[in-house]
Amino acid sequence: MNGKLVAVNKSFPGLYYYYLSLNHMAKFEQDFPITGLSKKQFLVIAFETIKYLGWRIRFVSDAGVIAYTQNSEYAWNGEITVKLERDKANVQCVPISNMVSDAGQSEHTVSQYIAAFEKMKSAITEDEISEKYKVYKKDFVPPYEDTLKPNIRPKYSFSGGYLSLFKPAEGYFVTPILIDLNILIFLAMLFTGVSFFEPSAASMIRGGANATVATPNGQWWRLITNCFIHFGFFHLLMNMYALVFVGLFLEPFLGKAKFIIAYMLSGIIASLASLWWHDHTVSAGASGAIFGMYGVFLALLSTNHIERGMRKGLLINIGIFVVYNLAYGSFKGGIDNAAHIGGLVSGLIMGYAFMPSLRQPDNVKRQWLALLSVSIVAICLVTIACLNLRQSDRFIYENRIAEFNQIEDSALTALKDTDYKPDETLLEELQQGLIYWTKGISLAKELDHLKLSDRLHRRNRLLIQYCQLRIASYQLMEQNIKLGKGHVTPELKQINQQITSTIHQLPSR
């Protein structure tokens, strides 16, 4: 065991004062091996040794303990620091009293502690260690308040005004890249003719939106691509504003790798939640992934990982953001709350899963283990959900509805350019149309046996009614042609009005 005496010159004037400062600020530290002790065993023995010696504990953490010898006001006093290192422990004593005598007290105190530690090591049982560790663990200070650990507080380095929000920097690297990528994709879509303010659903599907008619049909890449396209400028603006806020505060805590993994996985899970919840959807935007990052942040804020001074204000602000947006989405149409909730919940789970590695930032093995385990579990769950979704009745329904749409298009051929068709051709097309509408009824009745929502079952019944009205109208048209009536009869006009009413009653897709 090696000990060393350290003297600090405070540069007081005069030889006497120089000697006084050396004596006052002298500290002694010594390493000693902890072979055979686990981290838990060492910490409990270290804490109990302080109590055994009658010293006052200042704070405890998973890195060690700081205490005071707690001697009288007119006697020598010292601050004791016991710090756990890789395969050894370091004990340090620094005088904190104003006494100029009692030289060598620091060395004596360190030796006294090490001797007491060895004695305590052989006296305490394993059961006592387990019970006492549970009690001590509750009082561990957060990592960012632990002076026994390296300073790993988030560091921000912005010097370019608002433009710096778009430039990668230390502690803020992934967020600006994501923002720039979203903006570039938005501009690229504008150049292809997509509307600046209100893009159509068809143009968004072409751009990579998440769609019930496309994603489960093998286009699973849409679960990711939809997170980078937006329904117009204001949709992009609001999402990027929310991303900047969460990125500024959260990325320095998570680091680049955890931040991008959490963002992408939350976005995928949010997209999948949207498909799972909605009967039919065309969804896009970064909000699902952003809600995931807010979920991660809420997980961290619910622990002592973030220092107490920051915790309350951030928790209030993020809580207001989440509650307001979910409530707003519940009352306003066109907002995908399923994706928001899916992202939020997945983010919460990932936040708690990352906690063990965040508490030990220097443990490279634990960092990789956290990233790999979270990614593998999430991808496996997503894969299982995708397979189940593909085999679900709702997916079967969507594919069969596509068949119905083709049948409808074929049947409506008879109504195109009727004024220019000979009666024989028109009668032939009407006969063929009747066959198509009969097929449509059979298909809709088959779909009604699937396990679907009440909304879709109601839609099926209306589709059957729609086909029956079309059959009635085609039969009347046949009769009118055969009777030589070239105008629309009152009966046919009435049926056409019923057809229009039925179409308006069909739930929108």
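Cut-offs and rules
Residues numbered from 1 in each chain as written. Predicted model: local features only at pLDDT ≥ 70, side-chain atom pairs only at ≥ 80, totals over all residues. Heavy atoms only, no water. Helix = DSSP H or I, 4+ residues; strand = E, 2+ residues; numbered from the N terminus. Rg over C-alpha atoms; globule rule 2.2 N^0.38 Å. Buried < 20%, exposed > 50% of the residue type's maximum accessible area, 1.4 Å probe, protein only. Contact = heavy atoms within 4.5 Å. Lys, Arg positive; Asp, Glu negative; His and termini not counted. Charge placed at Lys NZ, Arg CZ, Asp CG, Glu CD. Disulfide = S-S within 2.5 Å. Patch = residues over 30% accessible without salt bridge, like charges linked within 9 Å, V, L, I, M, F, W, Y side chains within 5 Å. Areas by Shrake-Rupley, 256 points an atom, 1.4 Å probe, with all protein chains shown as cover. Salt bridge = Lys/Arg side-chain N within 4 Å of Asp/Glu carboxyl O. pLDDT = per-residue confidence, 0-100. 1 Å grid on protein atoms, 1.4 Å probe; cavity = no way out; pocket = protein on both sides within 12 Å on 5 of 7 lines; lining within 4 Å. Points joined across faces, edges and corners; volume = space filled by probe spheres on them. Expected span 1.5 Å × (residues − 1). Phe/Tyr/Trp six-rings, centres within 6.5 Å; stacked < 30°, edge-to-face > 60°. Core = buried A, V, L, I, M, F, W, Y, C linked by side-chain atoms within 4.5 Å. Axes fitted to C-alpha atoms, helices over the stretch in contact; angles between N-to-C directions. Parallel < 35°, antiparallel > 145°, perpendicular 65-115°, else oblique. Nonpolar A, V, L, I, M, F, W, Y, C, P; charged D, E, K, R; others polar.

### Some words on the overall build of the protein chain
In step 1: In terms of helices and strands, the protein chain carries 17 helices and eight strands.
In step 2: Radius of gyration (C-alpha) of the protein chain: 36 Å, far over the 23 Å computed for a compact globule of 509 residues.
In step 3: When its C-alpha atoms are laid out on the principal axes, the protein chain stretches across 130 × 55 × 30 Å.
In step 4: Within the protein chain, the fraction of its 509 residues that count as buried is 46%.
In step 5: Restricting the contact set of the protein chain to residue pairs at least 6 apart, pairs at least 24 apart contribute 68%.
In step 6: Within the protein chain, one finds 49 positive and 42 negative side-chain charges whose respective centroids are separated by 3 Å.

### A few points about the state of the cysteines
In step 1: Under the counting rule described, the total for this entry stands at zero disulfides.
In step 2: Cys380 forms no disulfide, and the closest cysteine sulfur to it belongs to Cys386, at a distance of 12 Å.
In step 3: Note on Cys386: relative accessible area 9%, which makes it buried.

### A word on a nonpolar patch on the surface
In step 1: Residues Phe196, Phe197, Phe234, Leu237 and Met238 make up a contiguous nonpolar surface patch of roughly 530 Å² in combined accessible area.
In step 2: Structurally, Phe234 is set in helix H8 (residues 233-254).

### Concerning the confidence of the model for the protein chain
In step 1: Residues of the protein chain with pLDDT of at least 70 account for 90%, and the chain-wide mean is 88.
In step 2: Scored below 50 in pLDDT, residues 6-24 shows 24 contacts in the model against residues more than four places distant or in partner chains.

### With respect to the layout of surface pockets
In step 1: Looking at the largest pocket, its volume works out to about 1,100 Å³.
In step 2: Looking at the largest pocket, it is lined by 41 residues, and the ones nearest its centre are His235, Gly334, Ile335, Asp336 and His340.
In step 3: Elements with a minimum of two residues in the lining of the largest pocket: H8, helix H9 (256-277), strand E8 (282-283), helix H10 (287-301), helix H11 (308-331) and helix H12 (337-358).
In step 4: The element best represented in the lining of the largest pocket is H11, accounting for seven residues.

### Observations concerning the side chain of Ser271
In step 1: Mapped onto the secondary structure, Ser271 falls in helix H9.
In step 2: Setting aside residues no more than four positions away along its own chain, Ser271 makes contact with Asn210, Leu223, Asn226 and Cys227.

### Description of helix H2 (residues 39-52)
In step 1: Taking 1.5 Å of rise per residue, the 14 residues of H2 would be expected to cover 20 Å, and the 20 Å separating its terminal C-alpha atoms lies within 8% of that figure.
In step 2: Burial runs high along H2: ten of the 14 residues are buried.
In step 3: Backbone geometry just after H2 places Gly54 at a positive phi near 80 degrees.

### A word on the packing of aromatic side chains
In step 1: Counting across every chain of the model gives 19 aromatic pairs.
In step 2: Seen in terms of ring centroids, Trp55 and Tyr113 are 6.3 Å apart; in terms of plane orientation they differ by 20 degrees. Their pairing is stacked. Placement of Trp55 in the loop between H2 and strand E3 (56-61) and of Tyr113 in helix H3 (residues 105-123) is noted, with a sequence separation of 58 residues between them. For the residue pair Trp55 and Tyr113, the accessibility class agrees, reading buried in each case.
In step 3: Pairing Tyr113 with Phe117 gives two aromatic rings, centres 6.3 Å apart and planes at 40 degrees, and the pair type is tilted. You can see Tyr113 and its partner Phe117 sitting in helix H3, four residues apart, about one turn around the helix.
In step 4: The class for Phe117 is buried, based on a relative accessible area of 0%.
In step 5: Site record: aromatic cluster; members linked through ring pairs are Phe32, Phe42, Trp55, Tyr113 and Phe117.

### Looking at the nonpolar core
In step 1: In terms of nonpolar packing, the biggest core is built from 46 residues, with Leu250, Leu254, Tyr263, Leu300 and Phe354 touching the most fellow members.
In step 2: Within the residue set of this core, elements represented by two or more residues are helix H5 (174-191), H8, H9, H10, H11, H12 and helix H13 (364-390).
In step 3: It is H10 that provides the largest number of residues to this core, a total of ten residues.
In step 4: Aside from chain neighbours lying at most four places away, what touches Tyr263 is Leu178, Asn182, Cys227, Phe228, Leu243, Ala286, Ala289, Ile290 and Met293.
In step 5: Counting 34 residues, the second largest nonpolar core, distinct from the first, contains Ile50, Ile80, Leu84 and Ile124.

### Remarks on the packing of H5 against H8
A pair of packed helices is characterised by two quantities: the angle between their axes and the separation of those axes.
In step 1: Interaxial distance between H5 and H8 falls to 9 Å at its minimum, and their mutual angle equals 170 degrees. The angle between H5 and H8 places the two elements in the roughly antiparallel class. Contacts between H5 and H8 involve Val174, Thr175, Leu178, Ile179, Asn182 and Phe186 on the former and, on the latter, Phe233, Leu236, Met240, Leu243, Val244, Gly247 and Glu251.
In step 2: Among the residues making up the contact of H5 with H8, the classes are represented as nine nonpolar, three polar and one charged.

### A look at empty space enclosed by the protein
In step 1: For the structure shown, the criterion picks out three cavities of 30 Å³ or more.
In step 2: Volume-wise, the second largest cavity comes out at about 40 Å³.
In step 3: Sorting elements by how many residues they give to the lining of the second largest cavity places helix H14 (residues 393-411) first, with three residues.
In step 4: Of the residues belonging to the lining of the second largest cavity, the class tally is four nonpolar, two polar and three charged.

### Structural notes on unusual backbone geometry
Generally, phi is negative for residues other than glycine and the peptide bonds are trans, each holding for most cases.
In step 1: Phi at Asp417 takes a positive value of approximately 55 degrees, unusual for a residue other than glycine.
In step 2: Mapping Asp417 onto the fold places it in the loop between H14 and helix H15 (423-447).
In step 3: The exposed category is assigned to Asp417, whose relative accessible area is 54%.

### Here we look at the pattern of salt bridges
In step 1: Counted according to the given criterion, the structure contains eleven salt bridges.
In step 2: Across the pair Asp62 and Lys39 runs a salt bridge, and its minimum N-O distance is 3.8 Å. Taken together, the residues Asp62 in the loop between E3 and strand E4 (64-68) and Lys39 in helix H2 connect sequence positions 23 residues apart.
In step 3: Between Lys88 and Glu85 there is a salt bridge whose closest N-O contact spans 3.8 Å.
In step 4: For Lys88, a relative accessible area of 29% puts it in the partly exposed group.
In step 5: In this structure, a network of salt bridges that share partners links the residues Asp31, Glu85 and Lys88.

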